[in-house]
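Single-letter residue listing:
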Amino acid sequence: MKIMYLTIELTVGFFLLFIIVKFVGKKIINQITPFTFIASIVLGELLGNALYDHQIGVFYIIYSMGLWAILLFIVEYLGQKHLWFRGIVEGKPSALINNGRVDYEELKKNRMNINQLQSLLRQSETFSIREVAFCYLEANGSISILKKTKYQKTTQEDFNLPITPIYVPVTLIRDGKVLWDELNDLGFDESWLKTQLKTQEIFEYHSVFLAEWLENDGLFVQTY
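Right, let's walk through the structure included here. All values derive from a computational prediction rather than experimental measurement. Residue positions within a chain follow its written sequence, with the count starting from 1. In keeping with the predicted nature of the model, local features appear solely for residues at pLDDT of at least 70, side-chain atom pairs appear and are counted solely at 80 or more, and the whole-chain, interface and lining totals rest on all residues. Note: side-chain values were computed over all heavy atoms of the structure, leaving out hydrogens and water.

### Focus on unusual backbone geometry
Positive phi, normally seen in glycine, also occurs at aspartate 175, with a value near 55°. Here aspartate 175 lies in the loop between β5 (170–174) and β6 (177–178). The classification of residues rests on relative accessible area computed with a 1.4 Å probe and restricted to protein chains. Under 20% of the type maximum is buried, over 50% is exposed, and intermediate values are partly exposed. On the basis of relative accessible area, aspartate 175 is assigned to the partly exposed category, the value being 32%. The phi angle at glutamate 201 is positive, at roughly 60°, despite the residue not being glycine. The way it works is that DSSP assigns letters per residue, a run of H or I at least four long becomes a helix, a run of E at least two long becomes a strand, and they are numbered from the N terminus. Relative to the elements of secondary structure, glutamate 201 occurs in the loop between α10 (190–198) and β7 (208–214).

The structure is reproduced here in structure tokens:
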């Protein structure tokens, strides 16, 4: 009997999930927003817990998943009809880099630090902040990048240009603190670093939000 009940519940749950995804939309699979991410987890938990609770029958599975689907549909409908509601549920993108400059206040608002921003940029095949004109943190945690004109993708073959070597940028100062190991690995010393900063009229390490060295392109510095 237990096998028969489990078979019926699994079959009903399977088709309910299929219908809900088709009914609500693909966003619950793509998890575009934190809300859809949580909604998809709760939907799976409703079915999973119901299947292994012997006191819950097929009717309760249909009722709980059906009610959750209706609530999801209402939220999606209101989000399509009303901009203010869409802003509450989906949130808005945050400009972490604006006109080539990291917005420190936006980083703090989104509870991020420069390390996390650099990691997200590298995952998007962008290894230096100096390449970025605009960077937006989307509602689902991903980033969208618009590179500066000279760093936008062009193939050297299109212009018959010679192949030039590629260098990885190295962060030398982060959040006002010098990364001495990175500095020493490049073969530089503190005197060289101070000289580089003085040329940009910077005299204190703690005033530097980010300093990044790139071979053949020099030192990129942003203060607070």
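Moving on from the coordinates now.
### Side note on the packing of aromatic side chains
Aromatic contacts are taken between Phe, Tyr and Trp rings whose centres are within 6.5 Å, Trp giving its six-membered ring; a plane angle under 30 degrees counts as stacked, one over 60 as edge-to-face, and the others as tilted. For the structure on display, the rule yields seven aromatic pairs. Measuring from centroid to centroid gives 5.4 Å for phenylalanine 209 and tyrosine 224, while their planes differ by 55°, and the two rings are tilted. Taken together, the positions of phenylalanine 209 in strand β7 and tyrosine 224 in the segment after β8 (218–223) put the pair 15 residues apart, joining distant regions of the chain. Among the aromatic side chains, those forming a connected cluster through ring pairs are Tyr104, Phe209 and Tyr224.

### Things to note about the pairing of strand β4 (residues 143–147)
Examined bridge by bridge, strand β3 (residues 132–137) and β4 share five bridges and lie antiparallel to one another. Each residue of the ladder has a partner; that of tyrosine 136, found in β4, is serine 144. Two strands pair if DSSP finds at least two bridges between them.

### Thoughts on the sheet that holds strand β1 (residues 94–98)
Each strand in a sheet pairs with another by means of backbone hydrogen bonds, the pair being arranged parallel or else antiparallel. In spatial order, the strands read β2-β1-β3-β4; together these four strands make up an open sheet with antiparallel pairing. The strands lining the two open edges of the sheet, one partner per strand, are β2 (101–102) and β4.

### Quick notes on the sheet that holds β8
Read from one edge to the other, the open sheet built from four strands follows the order β6-β5-β7-β8, with strand pairing classed as antiparallel. Whereas interior strands pair on both sides, the edge strands pair on one side only; in this sheet they are β6 and β8. Here β5 runs beside β7; their pairing, made up of four bridges, is antiparallel. Paired with valine 170 across the two strands is tryptophan 213, which belongs to β7.

### Re a nonpolar patch on the surface
Like charges are joined within 9 Å and nonpolar side chains (Val, Leu, Ile, Met, Phe, Trp, Tyr) within 5 Å, but only among residues with over 30% relative accessible area and no salt bridge; these make up the patches. Each accessible area value is a Shrake-Rupley result obtained with a 1.4 Å probe; residue values ignore everything except the protein chains displayed when judging cover. What makes a salt bridge here is a side-chain nitrogen of Lys or Arg within 4 Å of a carboxyl oxygen of Asp or Glu, nothing more. Among the surface-exposed residues, Phe59, Tyr60, Tyr63, Leu67, Ile70, Leu71, Phe73, Ile74 and Tyr77 lie close enough to one another that they form a single nonpolar patch of about 950 Å² accessible area. Relative to the helices and strands, tyrosine 77 is located in helix α4 (residues 58–81).

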